[in-house]
Amino acid sequence: VNKNLQILNNFFASNSDLFAWREPDGGCIGFPKYLGREGVEIFCERLIKEKGVLLLPSRIYQSDCGPSPQNHFRIGYGRADMEEGLQGIKHFIDRKNK
């Protein structure tokens, strides 16, 4: 988890034009904000279709307990393949920006 957290910190720092990231206080799940014009729903949908990387947008986590943050997505970092998933996101971003 600590290794993956460092990998995420580096990834989001180098892509701060597209993501707002605050390192979680604990656990192995984060909720970065997507800053792209098309919004998180379209970003997540295209990412799974084109790269096979699943990120769940914040609307999935709506609750009657209070408002859900807009344009955020869930990313878990307790898995062994963190770098592979981020590589897919990076390739998607790079291709999209060309």
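To keep things clear, this report deals only with the structure shown in the data block. (Residues numbered from 1 in each chain as written. Predicted model: local features only at pLDDT ≥ 70, side-chain atom pairs only at ≥ 80, totals over all residues. Heavy atoms only, no water.)

## Description of the layout of surface pockets
Argument step 1. The space that makes up the largest pocket amounts to roughly 410 Å³.
Argument step 2. Surrounding the largest pocket, 15 residues form its lining, Val53, Leu54, Gly76, Arg79 and Asp81 being those nearest its centre.
Argument step 3. Listing elements by their share of the lining of the largest pocket, those giving two or more residues are strand E5 (73–76) and helix H3 (82–96).
Argument step 4. If you tally residues by element for the lining of the largest pocket, the top one is H3, at five residues.
Argument step 5. A per-class count over the lining of the largest pocket returns eight nonpolar, three polar and four charged. (1 Å grid on protein atoms, 1.4 Å probe; cavity = no way out; pocket = protein on both sides within 12 Å on 5 of 7 lines; lining within 4 Å. Points joined across faces, edges and corners; volume = space filled by probe spheres on them. Helix = DSSP H or I, 4+ residues; strand = E, 2+ residues; numbered from the N terminus. Nonpolar A, V, L, I, M, F, W, Y, C, P; charged D, E, K, R; others polar.)

## Regarding the nonpolar core
Argument step 1. Among the nonpolar cores identified, the biggest contains 23 residues, and Leu8, Phe19, Phe43, Leu55, Phe73, Leu86 and Ile89 are the most heavily contacted of them.
Argument step 2. Those elements that place two or more of their residues in this core are helix H1 (2–14), helix H2 (39–51), E5 and H3.
Argument step 3. Once residues lying within four places of it in the same chain are set aside, the contact partners of Leu8 are Trp21, Ile75, Tyr77, Met82 and Leu86. (Core = buried A, V, L, I, M, F, W, Y, C linked by side-chain atoms within 4.5 Å. Buried < 20%, exposed > 50% of the residue type's maximum accessible area, 1.4 Å probe, protein only. Contact = heavy atoms within 4.5 Å.)

## Some thoughts on the packing of H2 against H3
Argument step 1. Axis separation between H2 and H3 bottoms out at 10 Å; the angle between their running directions is 105°. In terms of orientation, H2 lies roughly perpendicular with respect to H3. For the pair formed by H2 and H3, the contact residues are Phe43, Arg46, Leu47, Glu50 and Lys51 on the first element and Gly88, Ile89, His91, Phe92, Arg95 and Lys96 on the second.
Argument step 2. Of the residues assigned to the contact of H2 with H3, the class counts are four nonpolar, two polar and five charged. (Axes fitted to C-alpha atoms, helices over the stretch in contact; angles between N-to-C directions. Parallel < 35°, antiparallel > 145°, perpendicular 65-115°, else oblique.)

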